[in-house]
Amino acid sequence: MGSNMSDPSGPTRSALIGVDVGATSMSAGLVTLDGEVLDVVEMGTHVSGPRSAVATLLRVVQQLVADARRQGLALGGVGVGLPGPVDAVKGMMLAVHPKNHVPEFGHLPLAEQIRELTHLPTFVDNDVNALALAEHAFGAGRGTSSLALLAVGTEVGGALIIDGALVRGQDGYGGELGHVPINFDGPACICGGRGCLGAYLGGRLLAEEARRRVARDADSPLLELAGGHADAITSAMVFAAAAAGDAVAVKLVDQACEALAATLAVIVNGINPEMVVVTGGVAPSLAPLVADVVHRAGKYALGPPLANTRIRIAATEKRLTVRGGAALVLHELARRGRS
Ligand SMILES: [Zn+2]
């Protein structure tokens, strides 16, 4: 980190660049070492056309480097969360995987490209791994040594931190809790498996299943909630309708809670973490159901570790997702400093 003389009144402030790449939108920002988000730029992932995401990302990183310089901030590194499995050593997202929503990042040495552009330490990882590191460093999981994170959005992602270290596994697939099979006879999943958690809890499939079911029932209160248009049904509406007693919605939410309870048991029995953080777009809908889910998990999980596990709902604003990349930089620099 170079010295910076632009602020003679005090020591140089430091910041990190964090980037969160999603299938439809991308956020990038300057984040302090304490996780305070200073600036955020949000844009469509393909705002400049098909397969343009890499060029957009490199441009916005350059822009943030210039912004930091203008503000007298010393930059400590760049961290990027990508929507797919990542080889963190090579600094690239793996290609040819059904979860690759932004295929142009597949097998592209992104960390190296950003490093050449910025001359800053640069790290890339799976977006949900980055989110878990942010919760661990700055959020609900601060002070814990182990946590599991479930990101419940359109799909369900997962990540594990054990003894303060992210669990990537041998190939970068570590922590894929959304693809834990919870029903032997369940539907086929995009991962190639069957009966995965994501099929019961993910917002997209929950809404799709609700649309299919209300199509057979013209008097459905859920359909009414969607203004009479089945296509307008969202997962949030399904949860709201269930709370109001709608039969179709009650059944789907019951299944979702049971699926989450079974996964909680997998986490508790398999890893015994201090905390489970549930985040993502569906998290606010799950917040009132946490006690019910933990009660259901009692059927599947070992009693003492379940009772000791703290469950936290941490619905983050979109702009806070840039903390993931920042936490990734801190995690990797600390890890490399130790070895
Ligand atoms: Zn799956």
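For the structure itself, look to the data block above.
The rules we used
Every chain begins its residue count from 1, and numbering advances along the sequence as written. Local features are withheld for residues below a pLDDT of 70 in this predicted model, meaning they are given only at 70 or higher, and side-chain atom pairs are given and counted only at 80 or more; totals for whole chains, interfaces and linings count all residues. Just so you know, side-chain values use all the structure's heavy atoms and leave hydrogens and water out. A donor here means an N, O or S atom no more than 2.8 Å from the metal, or no more than 3.2 Å when the metal is Na, K or Ca. Since water is not included, a site may seem to lack partners. With a 1.4 Å probe rolled over the protein chains alone, any residue whose accessible area is under 20% of its type maximum counts as buried; one over 50% counts as exposed, and the rest are partly exposed. Any residue with an atom within 4 Å of a point lines the site, the site being either a cavity, points on a 1 Å grid over the protein atoms alone where a 1.4 Å probe fits but cannot get out, or a pocket, an open set with protein on both sides within 12 Å along at least 5 of 7 lines. Grid points are joined across faces, edges and corners, and a volume is the space filled by probe spheres set on the points. In this text, helices come from DSSP runs of H or I with a minimum length of four residues, and strands from runs of E with a minimum of two, each type numbered from the N-terminal end. Residue polarity is assigned by list, with Asp, Glu, Lys and Arg as charged and Ala, Val, Leu, Ile, Met, Phe, Trp, Tyr, Cys and Pro as nonpolar; anything else, Gly included, falls into the polar class. What makes two strands pair is DSSP finding at least two bridges between them. Helix axes are fitted to C-alpha atoms over the stretch in contact, other axes to C-alpha atoms as well, and angles between N-to-C directions run from 0 to 180 degrees. Handedness of each helix crossing follows the sense of rotation of the near helix against the far helix: counterclockwise by less than a right angle gives left-handed, clockwise gives right-handed. In what follows, a contact means two residues having at least one pair of non-hydrogen atoms within 4.5 Å. What counts as a salt bridge is simple: a side-chain nitrogen of Lys or Arg found within 4 Å of a carboxyl oxygen of Asp or Glu. We define a nonpolar core as any set of buried Ala, Val, Leu, Ile, Met, Phe, Trp, Tyr and Cys residues linked to one another through side-chain atoms lying within 4.5 Å.

All right, on to the coordination of the zinc ion then. Summarising the metal site, the zinc ion is bound by the protein donors His-179 (ND1), Cys-189 (SG), Cys-191 (SG) and Cys-196 (SG), whose distances to it range over 2.0 to 2.3 Å. Exposure remark for Cys-191: the relative accessible area of 36% places this residue in the partly exposed category.

Per the counting criterion, the structure on display carries one cavity of 30 Å³ or more. Roughly 90 Å³ of volume is contained in the largest cavity. As for the largest cavity, its lining consists of Leu-260, Leu-264, Val-276, Val-278, Leu-286, Leu-289, Val-290, Val-293, Val-294, Ile-311 and Ile-313. Of all the elements in the fold, those that place two or more residues in the lining of the largest cavity are helix H8 (247–270), strand S11 (275–279), helix H10 (290–297) and strand S12 (310–313). Broken down by class, the residue content of the lining of the largest cavity amounts to 11 nonpolar, no polar and no charged.

The mixed open sheet is built from five strands, whose spatial order is S10-S9-S8-S11-S12. Each end of this open sheet is capped by a strand with a single partner; those strands are strand S10 (165–166) and S12. The pairing of strand S8 (residues 147–152) with S11 spans five bridges and is parallel. From the neighbouring strand, Leu-150 faces S11, where its bridge partner is Val-278.

Orientation of helix H1 (residues 53–70) relative to helix H2 (residues 110–118), taken along the N-to-C sense of each, is 35 degrees, at an axis distance of 11 Å. Our pair here, H1 against H2, has a crossing hand that is right-handed. Mapping the contact onto sequence places Val-54, Leu-57, Leu-58, Val-61, Gln-62 and Val-65 in H1 and Leu-110, Gln-113, Ile-114, Leu-117 and Thr-118 in H2. Tallied by class, the residues present in the contact of H1 with H2 amount to eight nonpolar, three polar and no charged.

Within the fold, His-136 resides in helix H3 (residues 127–137). In this view, His-136 contacts Gly-141, Arg-142, Gly-143, Thr-144, Ser-145, Leu-147, Ile-161 and Gly-164; residues no more than four positions away in its chain are not counted.

Across all of its chains, the model carries 15 salt bridges by this definition. A salt bridge links Glu-258 to Lys-299; the nearest nitrogen and oxygen atoms lie 2.4 Å apart. With Glu-258 in helix H8 and Lys-299 in the loop between H10 and helix H11 (303–308), the pair connects residues that are 41 residues apart, well separated along the chain. The partner of Glu-274 in a salt bridge is Arg-310, and the shortest N-O contact between them spans 3.7 Å. Pair noted here: Glu-274 is in the loop between H8 and S11 and Arg-310 is in strand S12, with a separation of 36 residues, a long-range link. Owing to a relative accessible area of 29%, Glu-274 belongs among the partly exposed residues under this scheme. Look at Arg-310 and you get partly exposed, because its relative accessible area is 37%.

Counting residues in each nonpolar core, the largest one holds 46 residues, and the members touching the most others are Leu-150, Val-152, Leu-201, Leu-222, Val-238 and Leu-286. Element by element, the count of residues in this core is highest for H8, at 13 residues. Contacts of Leu-150, omitting those with residues within four sequence positions, involve Val-156, Gly-157, Leu-177, Leu-197, Leu-260, Thr-263, Ile-267, Val-277, Val-278 and Thr-279. Of all hydrophobic cores here, the second largest spans 32 residues; its members include Leu-64, Val-65, Ala-68 and Leu-75.

On to the sheet that holds strand S2 (residues 25–32). The five strands lie next to each other as S3-S2-S1-S4-S7, forming an open sheet whose pairing is mixed. Either end of the sheet is taken by a strand with one partner, and the two such strands are strand S3 (37–44) and strand S7 (122–126). The sheet shows a mean angle of 20 degrees between the axes of neighbouring strands, taken without regard to direction. Pairing of strand S4 (residues 73–82) with S7, which is carried by five bridges, proceeds in the parallel orientation. For Val-80, the partnering residue across the bridge sits in S7 and is Val-124. Running at roughly 25 degrees to S2, H1 makes contact with strand S1 (13–21), S2, S3 and S4 of the sheet. Along the sheet face, helix H12 (residues 323–338) touches S1, S2, S3, S4 and S7 and points at about 105 degrees away from the line of S4.

What follows is about the layout of surface pockets. In this structure, the largest pocket occupies an estimated 940 Å³ of space. Gly-22, Asp-127, Gly-153, Thr-154 and Glu-155 are the residues nearest the centre of the largest pocket, which is lined by 34 residues in total. Every element with two or more residues in the lining of the largest pocket is listed here: S1, H3, S8, strand S9 (156–162) and helix H5 (203–214). The space that makes up the second largest pocket amounts to roughly 380 Å³. Lining the second largest pocket are 23 residues, and of these Pro-187, Gly-198, Ala-199, Tyr-200 and Leu-205 lie nearest its centre. Elements with a minimum of two residues in the lining of the second largest pocket: helix H4 (198–201), H5 and H8. Among the elements that line the lining of the second largest pocket, the one with the most residues is H5, at seven residues.

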